[in-house]
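One-letter residues, chain by chain:
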4 protein chains.
Amino acid sequence: MGGDDNGDRALLSVRDAEQSAAADLPPDVRDFIAGGSGAEVTLAANRAALELVYLVPRVLNDVSDCTTTAQFLGSGVAMPVAIAPMAYQGMVHADGELGLARAARAAGIPYVAAMLSSCPLEEIAAVGGSTWLQLYWLRDRGLLRDLVRRAQEAGCRGLMLTVDVPKLGSRLRDMRNGFAVPAGAGAANLAAPGNGTAQASMAGAAVPGSSAVATHTAAAFDPSLSWPDIAWLRDQSDLPLVLKGILDPADAHRAADLDIAGLVVSNHGGRQLDGAVPSITALPEVCAAVAGRCEVILDSGIRDGTDVLRALALGASGVLLGRPALWGLARGGEAGASRLLGLLQDELTSAMMLAGCPDVTAAAALRTVSPVAATVDAVARGYSR
Amino acid sequence: MGGDDNGDRALLSVRDAEQSAAADLPPDVRDFIAGGSGAEVTLAANRAALELVYLVPRVLNDVSDCTTTAQFLGSGVAMPVAIAPMAYQGMVHADGELGLARAARAAGIPYVAAMLSSCPLEEIAAVGGSTWLQLYWLRDRGLLRDLVRRAQEAGCRGLMLTVDVPKLGSRLRDMRNGFAVPAGAGAANLAAPGNGTAQASMAGAAVPGSSAVATHTAAAFDPSLSWPDIAWLRDQSDLPLVLKGILDPADAHRAADLDIAGLVVSNHGGRQLDGAVPSITALPEVCAAVAGRCEVILDSGIRDGTDVLRALALGASGVLLGRPALWGLARGGEAGASRLLGLLQDELTSAMMLAGCPDVTAAAALRTVSPVAATVDAVARGYSR
Amino acid sequence: MGGDDNGDRALLSVRDAEQSAAADLPPDVRDFIAGGSGAEVTLAANRAALELVYLVPRVLNDVSDCTTTAQFLGSGVAMPVAIAPMAYQGMVHADGELGLARAARAAGIPYVAAMLSSCPLEEIAAVGGSTWLQLYWLRDRGLLRDLVRRAQEAGCRGLMLTVDVPKLGSRLRDMRNGFAVPAGAGAANLAAPGNGTAQASMAGAAVPGSSAVATHTAAAFDPSLSWPDIAWLRDQSDLPLVLKGILDPADAHRAADLDIAGLVVSNHGGRQLDGAVPSITALPEVCAAVAGRCEVILDSGIRDGTDVLRALALGASGVLLGRPALWGLARGGEAGASRLLGLLQDELTSAMMLAGCPDVTAAAALRTVSPVAATVDAVARGYSR
Amino acid sequence: MGGDDNGDRALLSVRDAEQSAAADLPPDVRDFIAGGSGAEVTLAANRAALELVYLVPRVLNDVSDCTTTAQFLGSGVAMPVAIAPMAYQGMVHADGELGLARAARAAGIPYVAAMLSSCPLEEIAAVGGSTWLQLYWLRDRGLLRDLVRRAQEAGCRGLMLTVDVPKLGSRLRDMRNGFAVPAGAGAANLAAPGNGTAQASMAGAAVPGSSAVATHTAAAFDPSLSWPDIAWLRDQSDLPLVLKGILDPADAHRAADLDIAGLVVSNHGGRQLDGAVPSITALPEVCAAVAGRCEVILDSGIRDGTDVLRALALGASGVLLGRPALWGLARGGEAGASRLLGLLQDELTSAMMLAGCPDVTAAAALRTVSPVAATVDAVARGYSR
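Because the structure is predicted, anything quoted here is derived from the model rather than measured.

**Looking at the overall build of chain A**
No. 1: Looking only at helices and strands, one finds 16 helices and 12 strands in chain A.
No. 2: Relative to its full complement of 385 residues, chain A shows a buried share of 66%.
No. 3: The long-range fraction of contacts in chain A, counting pairs at least 24 apart against all pairs at least 6 apart in sequence, stands at 75%.
No. 4: Accessible area of chain A: about 11700 Å², with a carbon and sulfur share of 52%.

**Some remarks on the relation of the copies chain D and chain C**
No. 1: Expressed as a screw transformation, the operator carrying chain D onto chain C has a rotation angle of 90 degrees and an axial translation of 0.1 Å, and the superposed copies differ by an RMSD of 0.1 Å. Here the copies are linked by what is in effect a four-fold axis.
No. 2: A distinct binding surface is used by each copy, with only 11% of the interface residues of chain D retained as interface residues in chain C.

**Quick word on unusual backbone geometry**
Note: most residues except glycine have negative phi, and most peptide bonds are trans.
No. 1: Residue Leu 60 of chain A is not a glycine yet carries a positive backbone phi of 60 degrees.
No. 2: Tracing the backbone shows Leu 60 of chain A in the loop between strand 1 (54-56) and strand 2 (70-72).
No. 3: We note that Leu 73 of chain D has phi near 50 degrees; this positive angle belongs to a residue other than glycine.
No. 4: Here Leu 73 of chain D is to be found in the loop between strand 2 (70-72) and strand 3 (75-77).

**What about the interface of chain D and chain C?**
No. 1: Contacts between the two partners involve 35 residues from chain D and, on the opposite side, 43 residues from chain C.
No. 2: Of the roughly 3300 Å² buried between chain D and chain C, counting both surfaces, carbon and sulfur atoms make up 67%.
No. 3: Contact with chain C buries surface across chain D, with Leu 12, Leu 60 and Leu 354 of chain D losing the most and accounting together for 23% of the total.
No. 4: Across the chain D-chain C interface, the total number found is four salt bridges.
No. 5: A salt bridge links Asp 16 of chain D to Arg 176 of chain C; its shortest N-O distance comes to 3.0 Å.
No. 6: On the surface where chain D and chain C come into contact, there are 10 residue pairs in polar contact (both at pLDDT 80 or more).
No. 7: Sorting the residues of the side of chain D that touches chain C by element identifies helix 3 (41-51), strand 1 (54-56), helix 13 (305-313), helix 14 (323-354), strand 12 (367-369) and helix 16 (371-380) of chain D as the ones contributing at least two each.
No. 8: Counting residues per element, the side of chain D that touches chain C draws most heavily on helix 14 of chain D, which supplies four residues.
No. 9: Partitioned by chemical class, the residues of the side of chain D that touches chain C number 20 nonpolar, six polar and nine charged.

**A few points about the pattern of salt bridges**
Residue and element names in this part refer to chain C.
No. 1: Going through the model one piece at a time under the given rule, you end up with 76 salt bridges over all chains.
No. 2: Measuring nitrogen to oxygen at the nearest pair gives 2.8 Å for the salt bridge that ties Asp 259 to Arg 234. Placement of Asp 259 in the loop between helix 11 (249-257) and strand 9 (262-265) and of Arg 234 in helix 10 (residues 227-235) is noted, with a sequence separation of 25 residues between them.
No. 3: Its relative accessible area of 57% is what places Asp 259 among the exposed residues.

**So, helix 1 (residues 16-24) of chain B**
No. 1: Residues of helix 1 of chain B that are buried: Asp 16, Ala 17, Ser 20 and Ala 21 of chain B. All buried residues of helix 1 of chain B lie within an arc of 135 degrees about the axis, which places them on one face of the element.
No. 2: Of the surrounding secondary structure, the elements contacted by the buried residues of helix 1 of chain B are helix 7 (172-177) of chain A together with helix 2 (27-34) and helix 14 (323-354) of chain B.

**Focus: the packing of aromatic side chains**
No. 1: Tallied over the full model, the rule gives 13 aromatic pairs over all chains.
No. 2: Taking the centre distance of 4.7 Å and the plane angle of 20 degrees together, the rings of Phe 32 of chain B and Phe 179 of chain B count as stacked. With Phe 32 of chain B in helix 2 and Phe 179 of chain B in the loop between helix 7 (172-177) and helix 8 (196-202), the pair connects residues that are 147 residues apart, well separated along the chain. Of the two residues, Phe 32 of chain B and Phe 179 of chain B, both sit in the buried class.
No. 3: Relative to Trp 232 of chain D, the ring of Trp 137 of chain D lies with its centre 5.7 Å away and its plane at 85 degrees, an arrangement referred to as edge-to-face. One end of the pair, Trp 137 of chain D, is in the loop between strand 6 (131-135) and helix 6 (141-154); the other, Trp 232 of chain D, is in helix 10 (residues 227-235), with 95 residues separating them in the sequence.
No. 4: The class of Trp 137 of chain D is buried, set by a relative accessible area of 3%.
No. 5: Among the aromatic side chains, those forming a connected cluster through ring pairs are Phe 32, Tyr 88 and Phe 179 of chain D.
No. 6: Over the ring of Trp 232 of chain A we find Arg 141 of chain A; its NZ or CZ atom is 5.3 Å from the centre of that ring.
No. 7: Of note, Arg 271 of chain C hangs over the ring of Phe 32 of chain C, and the distance from its end group to the ring centre comes to 5.1 Å.

**Comments concerning the nonpolar core**
No. 1: Membership of the largest hydrophobic core comes to 559 residues, with the highest contact counts inside it found for Leu 263 of chain A, Leu 263 of chain C together with Leu 263 of chain D.
No. 2: Contacts of Leu 263 of chain A, omitting those with residues within four sequence positions, involve Val 242, Leu 243, Ile 246, Ala 252, Ala 255, Val 286, Val 290, Cys 294, Glu 295, Val 296 and Ile 297 of chain A.

**With respect to the pairing of strand 11 (residues 318-321) of chain C**
All names here are of chain C.
No. 1: Along strand 11, one buried face is formed by Gly 318 and Leu 320 and the opposite face, lined by Val 319 and Leu 321, is buried too.
No. 2: Alignment of strand 4 (residues 81-83) against strand 11, held across three bridges, turns out to be parallel. When the sheet's bridge partners are listed, Ala 82 is paired in strand 11 with Leu 320.
No. 3: By the bridge criterion, two bridges tie strand 10 (residues 295-298) to strand 11 in an arrangement that is parallel. In the strand pairing of strand 11, Leu 298 is matched with Val 319.
No. 4: Running through helix 13 (residues 305-313), the crossover from strand 10 to the neighbouring parallel element strand 11 is right-handed.

**Remarks on the environment of Ala 351 of chain A**
No. 1: Note on placement: Ala 351 of chain A falls in helix 14 (residues 323-354).
No. 2: For Ala 351 of chain A, a relative accessible area of 3% corresponds to the buried category.
No. 3: Through-space distance from the C-alpha of Ala 351 of chain A to that of Pro 57 of chain A is 9.2 Å; in sequence the pair is 294 residues apart.
No. 4: Among residues more than four places away in sequence, those in contact with Ala 351 of chain A are Gly 305, Thr 306 and Leu 309 of chain A together with Leu 273 of chain D.

**Quick look at the environment of Val 308 of chain A**
Residue and element names in this part refer to chain A.
No. 1: Inspection of the secondary structure puts Val 308 in helix 13 (residues 305-313).
No. 2: For Val 308, a relative accessible area of 0% puts it in the buried group.
No. 3: Taking the C-alpha atoms as reference, Val 308 lies 32 Å from Leu 144; in sequence the two are 164 residues apart.
No. 4: For Val 308, the residues in contact, after removing those within four places along its chain, are Pro 80, Val 81, Ile 302, Val 319, Leu 344 and Leu 348.

**Some points on helix 4 (residues 96-107) of chain B**
Helical geometry note: an α-helix holds 3.6 residues per turn, so side chains three or four residues apart project in the same direction.
All names here are of chain B.
No. 1: With 12 residues, helix 4 extends 17 Å between its outermost C-alpha atoms, agreeing within 8% with the 16 Å of an ideal straight helix rising 1.5 Å per residue.
No. 2: Among the residues of helix 4, those classed as buried are Gly 96, Glu 97, Leu 98, Gly 99, Leu 100, Ala 101, Ala 103 and Ala 104.
No. 3: Close packing links the buried residues of helix 4 with strand 4 (81-83), strand 5 (111-113), helix 5 (121-125) and helix 14.
No. 4: Two residues or fewer past helix 4, Gly 108 is found with a positive phi of approximately 75 degrees.

**Notes on the packing of helix 11 (residues 249-257) of chain D against helix 12 (residues 279-290) of chain D**
All names here are of chain D.
No. 1: Packing of helix 11 against helix 12 leaves a shortest axis separation of 8 Å and a crossing angle of 35 degrees. Helix 11 and helix 12 meet at a crossing whose hand is right-handed. Touching Pro 249, Ala 252, His 253 and Ala 256 of helix 11 are Glu 285, Val 286, Ala 289 and Val 290, all from helix 12.
No. 2: Across the contact of helix 11 with helix 12, the residue classes tally to six nonpolar, one polar and one charged.

**Topic: the state of the cysteines**
Residues and elements named next belong to chain B.
No. 1: One pass over the full model with this rule turns up zero disulfides over all chains.
No. 2: There is no disulfide at Cys 287, and the cysteine sulfur nearest it, in Cys 294, is 9.5 Å away.
No. 3: A relative accessible area of 18% places Cys 287 in the buried class.

How each quantity is defined
- In this numbering scheme, every chain counts its residues from 1 along its sequence in written order.
- Each chain takes a letter, starting from A, and each ligand takes a number, starting from 1, following the order in which they are written.
- Only residues with pLDDT of at least 70 get local features here, since the model is predicted, and only at 80 or more are side-chain atom pairs given and counted; chain-wide, interface and lining totals rely on the full set of residues.
- To obtain the side-chain values, all non-hydrogen atoms of the structure were used and water was disregarded.
- Going along the chain from the N terminus, every DSSP run of H or I of four or more residues is numbered as a helix, and every run of E of two or more is numbered as a strand.
- Whether a residue is buried, partly exposed or exposed follows from its accessible area with a 1.4 Å probe, protein chains only, as a fraction of its type maximum: under 20%, in between, or over 50%, in that order.
- We call two residues contacting when some pair of their heavy atoms lies within 4.5 Å.
- The protein chains shown are the only cover counted for residues, whose accessible areas, like all others here, come from Shrake-Rupley with a 1.4 Å probe.
- Overlaid copies result from least-squares superposition on C-alpha atoms, with residues included only where pLDDT is at least 70 in both.
- Two parts placed together each lose some accessible area under a 1.4 Å probe, and the buried area is that loss summed for both.
- Each reported salt bridge corresponds to a side-chain nitrogen of Lys or Arg within 4 Å of a carboxyl oxygen of Asp or Glu.
- Polar contact criterion, stated in full: a pair of N or O atoms within 3.5 Å, where within protein one must be able to donate a hydrogen and the other to accept it, and residues adjacent in sequence count only if both atoms are side-chain atoms.
- The residue classification treats Ala, Val, Leu, Ile, Met, Phe, Trp, Tyr, Cys and Pro as nonpolar and Asp, Glu, Lys and Arg as charged. All others, Gly included, are polar.
- Each C-beta atom gives one direction from the helix axis, and the arc is the one those directions make.
- Pairing of aromatic side chains requires ring centres within 6.5 Å, counting the rings of Phe and Tyr and the six-membered ring of Trp. Pairs whose planes differ by under 30 degrees are stacked, by over 60 edge-to-face, and all others tilted.
- Cation placement over rings: the criterion is NZ of Lys or CZ of Arg within 6 Å of the ring centroid and within 35° of the ring normal.
- Nonpolar core, defined: a set of buried Ala, Val, Leu, Ile, Met, Phe, Trp, Tyr and Cys residues in which side-chain atoms within 4.5 Å join the residues together.
- A strand pair is defined by DSSP finding two or more bridges across the two strands.
- Seen with the strands pointing away from the viewer, any crossover whose path from the first strand over the helix to the second strand runs clockwise is right-handed.
- Expected span of a helix, by definition, is 1.5 Å for each gap between consecutive residues, and there is one gap fewer than residues.
- Under this scheme, a helix contributes an axis fitted over its contacting stretch, all axes are lines through C-alpha atoms, and angles between N-to-C directions fall in the 0 to 180 degree range.
- For any pair of crossing helices, the crossing counts as left-handed if the nearer helix is rotated counterclockwise from the farther one by less than a right angle, and right-handed if it is rotated clockwise.
- In this description, a disulfide is simply a cysteine sulfur pair whose atoms lie within 2.5 Å.

Below, the structure written as structure tokens:
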């Protein structure tokens, strides 16, 4: 790691990483990661809603053997956290997906490889951790089938289909920046014969007022995705399937009737429908609709160990960690990501111990309260951006 | 247009237009448009209330053929949006009402011509779009009858009677600015024989501490407007009638019993009674009171495509777009307005797709949640002081 | 008025007067008037709570003959507003109590003379308006009896006993300023033989860290005031009696069983118990407890005509106007106060017309809503002082 | 006191003391005291929640003999306040624990000596006030037994076992400051034979990025503390036992079934689990669960006399005063602490008188309202989306 890990002494919490990223990344890359869609109402609301979930800690439980281990995404994990699928990690640090996947493996947690990764999924899977492959619904069904086959052959543990991107949310920061993915960090999985154009479009020159990512999405993603397609995808492999991007309890109820391994309650980190409900607000009703038929995973807004505990207390089996993982990767490549995940593990352990929870089963039984006094304070902080 | 459309590359969202108007307009004209009444409590509350309506998107609906077309204001429209009646558009740009009406026609949406327009209603109607005429209740009943006759002869599709201006709200910005409508932008429809004075008063010299618009309103508008007058107005023509400015469910219930085409839930953009309830807050109860007997339209505070979707989800058949349309007009005349309406169309389409709505029927079925619901749920679940 | 009314063209609303007072008054006098007790939580909460009472206006009522006249404090008034009892008006402007009383008479509203007025009550009553005398419960019962007799002889219409000052609230601004009432503006009514000391103490030299007003209050006021004392006071005259400073419904219920003319729901403008409930929040429950047995008057936080309408809509028969009246007096003596009351009359008329209320009976029937969205916004603004 | 009490004229309220501490203390010591854990969400929420508890004062009660005396922590006190256990008071002022204990004795209130005090408990108890000893659950059970024995022999009135520190909360300020307790102010009680190392570690050199206090806590405290251990502790002495750090009603219910004298509703001043519910929010449900079986004491966030009254009104028998007592000590040693406690006594007396409470029994019967109650009422009255 050497030089690029210099300032790490100041990285004392997962939240610290975000501040440091301002120094570690070019402004347009940082904006691409940090930004939301539209007026970024949902981006802010995710945080406000999480902060107004007050935990009611228990005491006088023996927490000397506190463990964060869990069954999550179908297997045993060191903590109920997985790296969220995030595109183009090669632009964050030269270590890219391999660095973050190695850090996840070392931390004992799953890594969900993005379909739009900067290096081929086979190389990521070869890292040897618990690797999942995320998919968007591509117009090119053959390419999709191909990706599924490759995932299975590479030893991926499952597939995570993102269902909330019929088109890209309006990411004004990227449009203002004329953002394009830097050359060399483009979508390696799609750089198969016949897909050269797709990758090229993303790595193209910056165009003021337009986002190359949005242009590519519109060209490549199929907005006709609907319920029957899930069966088609299930038929392409024996891999467990998780649906990512569900917020409505009725959708959750229907999804749980399919043979899926889980669903992810997510508003895509405030990057798709601006004005969408915060994920943590939607979580309890989704859990009630699912009624234990599959895993319910929380995504969007997780920033520290307490947030993980909040999600567990409200019914999630675990969470996806997004932006903070990239901040860690930006800071020091694999080592920076490892340090970040170590901090999160420490924070979750600490939060569980302080809440009197020796394990995740106890965490799931914690009470939470959200009085209006809290609402007033926290929503207002979110609102008065 | 050429030169005055220069900076448009930076206009990437409907909201952007408001910022740009600071450069495009004289301060007193901008204040006249942007301002509210009194302490501007309702002006701000309109926005706060809209942003706290969280949408719950649906997924796995085929949205590849997403359409924003709707039945709205009695006919088919490209999107359920109409240009709100706004006075004196000639002072915003030389294109004035004609520019905005042409942009509306091109966008496939209705244009509600203000009674106090800077050019005669006949010219506006001749643009050939779906034109409605807005009316205030004038002391001069003959003049009112005349306007109705002219509207019918000019081919207007309907009448929209504003019922919330028995007098003008106290617009302190205009009073501080000594605002008067610039010469040449005055009320062309009233410049008939015998009405020269009225227009003159509005185009008069600036008087510090007083608003020429308020002076004219007090002279010309009749505060005795009451329920029986609606029948009189209905008798003057066969044109459909919409009442604009209703917030109380009891008023809505009574109005729906008359033979009207619709009503507009509006607090006049926070420009009349300061302290009035936000329109979006009042909407659901009004819809319940109307119970489908006529259209219910939302006005006040709409700033982007998500806001339109919020209104649809809470029961409106469509919305009136006010200030943003003028910001677009200010920026580049007809072309600027067209660009603005194009952005709104894009934003609404995007919001509907991201919410899983292939059409407005699906939009009307979306769930919403807000801190109200969450709080009440939480309290009901047993948390209480 | 001449010179001291120069800037009045900028005084376009009642609220404007507060800003201007910074220029019109010495800082310590302005602080004495503007300040609250303790951390000024209640001072801010009064405003936040009023602003979150959203009015639901009615339409299509004939408001061409809108009148603000009312029965209030036992007689016909031009608007349901009285000047609140406020001490030492002589320090605000040379016109002092006489100026404000004359302005009230001209405005057709009652003037409640403070026991601690800078000029004798007889001179105030001689102004010829509807004058009430406010009383504190003095340790010197003879002096109290004397004041009642003098009030009756001077033609006062009633007595208003302040019941929320067993001791003075901790007004830190005054203590920091070492505030003392300027010489000549002291308590004229108490400057009878044997009370020279009391007045002297208030007009004494400034003592850093201490308030001369607090010192005098502790010496002169009797904290033993309790229910049986009300009967004693009732026996001293035939004047109607109003109790000022009630917030608890149980107290209101008990008070209404006595032979009193009314009670004032008040937290003393946030100057007594810091942390006390906002008056407007307490009003509905107090009205329910009183059930029409006497008038219920709202005090604390009134800043414009909409606030008066809010109070009427929530059950008050009228309001007391405090600080704004002094800001008007400060600005231009009697003429400044008259202008202020004229503005308030205009604002109330305007608010009533815009709410569709031809009279106060209609105002009392208005609906209000206070959704959490509003709470979130308004309380937060109050909280984040 | 001399020189270090110079600025006291400006210390007019308990809250003022916090500001002054910036000048009185080294930044890292001030941060150690003022800071919370994690993102300090709970630290801020404690204050927000208290300020939103609105008191409904009573009137016409004779408060001329208002007394704050109470039964609290098992004996008669001058006011229902005790000094919270706080470590290392020697670093705040040379007077240290002895100064604060003397001030408490003079004020007629209990002093809870911290296990981690800078001077031996015997010296503190010798001050002669009502002294309690606080304990953490030490890995070294013999040392714990020893401390209990010493407390009993020294005449302590009771034991207060802190149950919310299985490990130290993540205090980022201390970690950033590389905070270590200054030499000479370390844990005197633990400096017995065999414990020299423990004290040394706390008084060690500053290590950037790490807190010496956290290091010591991890080494010395036993996170296995659980319900059966309470019985063991009860068996070590006849001293009354209070459990500090309970927030969940189920824990409170179980605790009250043990033979304990009381429990403290506390989130450790926002220093342990960040995201924990505010203590004042948790208080009513804990009181309901305890149902009078033992005392319920409120800790965390108390900043003035009104806060004490809020706690009494919501069911507490009294409160622990934390940081403000240290600010007083910092300002002027024993004299500064005495002045601080005098101010609190004045504030509480004033608040009780202004709320119409002649004694704490009346205080316990006060009504409170908050935006929660108001909102729920409003929604229940028929307003709902």
